[in-house]
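# Topology and contacts: notes
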Amino acid sequence: MRALRDAEEALPGADERAAQAARQIKAEARARVEAARVELHRVMVAEYRAGARQVDLIRRTGYSRERVRQILRAAGIEGD
């Protein structure tokens, strides 16, 4: 009986620790996604400055023409 009672008393703490771990994993995943997005945008800008056309960036990234323009504009580049 004691073991069962101890296990039942430990459950709320275990649930909270699991929830905290899940929140941490999600936060880390979001940070990795954001870092990858920033890197992709940096590479897109570098490629454009090296001579790639917007249509090339659109094909390679799958972004819309408007999204590519937004990324380039944010880097101080006015479009084609």
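Okay, so let's go over this structure. (Residues numbered from 1 in each chain as written. Predicted model: local features only at pLDDT ≥ 70, side-chain atom pairs only at ≥ 80, totals over all residues. Heavy atoms only, no water.)

## Some thoughts on the overall build of the protein
Of regular secondary structure, the protein possesses three helices and zero strands. Walking the protein from its N terminus toward its C terminus, one meets helices and strands in the order α-α-α. Dimensions of the protein, computed from the C-alpha atoms along their principal axes, are close to 75 × 20 × 15 Å. Buried positions account for 15% of the 80 residues belonging to the protein. Here the protein carries 17 positive and 13 negative side-chain charges, and the mean point of each set is 6 Å from the other. (Helix = DSSP H or I, 4+ residues; strand = E, 2+ residues; numbered from the N terminus. Buried < 20%, exposed > 50% of the residue type's maximum accessible area, 1.4 Å probe, protein only. Lys, Arg positive; Asp, Glu negative; His and termini not counted. Charge placed at Lys NZ, Arg CZ, Asp CG, Glu CD.)

## Digging into the environment of P12
Note that P12 resides in helix α1 (residues 2-49). Separated by 63 residues in the primary sequence, P12 and A75 place their C-alpha atoms 49 Å from one another.

## What to know about the pattern of salt bridges
Counted by the stated rule, this structure contains six salt bridges. Measuring nitrogen to oxygen at the nearest pair gives 2.7 Å for the salt bridge that ties E34 to R37. Placement of the pair is E34 and R37 together in helix α1, with a separation of three residues, close to one helical turn. By relative accessible area, which is 36% here, R37 ends up partly exposed. For the salt bridge of R42 with E39, the shortest nitrogen-to-oxygen distance reads 2.6 Å. Pair noted here: R42 and E39 are both in helix α1, with a separation of three residues, about one helical turn. (Salt bridge = Lys/Arg side-chain N within 4 Å of Asp/Glu carboxyl O.)

## Section: the side chain of H41
Within the secondary structure layout, H41 lies in helix α1. Contacts of H41, omitting those with residues within four sequence positions, involve Y63, R67 and I71. (Contact = heavy atoms within 4.5 Å.)

## Looking at helix α3 (residues 65-74)
Inspection of α3 places V68, I71 and L72 among the buried residues, and these make up the whole buried set. Buried residues of α3, seen end-on, are gathered within an arc of 95° and therefore sit on one face of the element. Buried-residue contacts for α3 involve α1 and α2 (54-61). Backbone geometry just downstream of α3 places G76 in the positive-phi region, at approximately 85°. (Arc of directions from axis to C-beta.)

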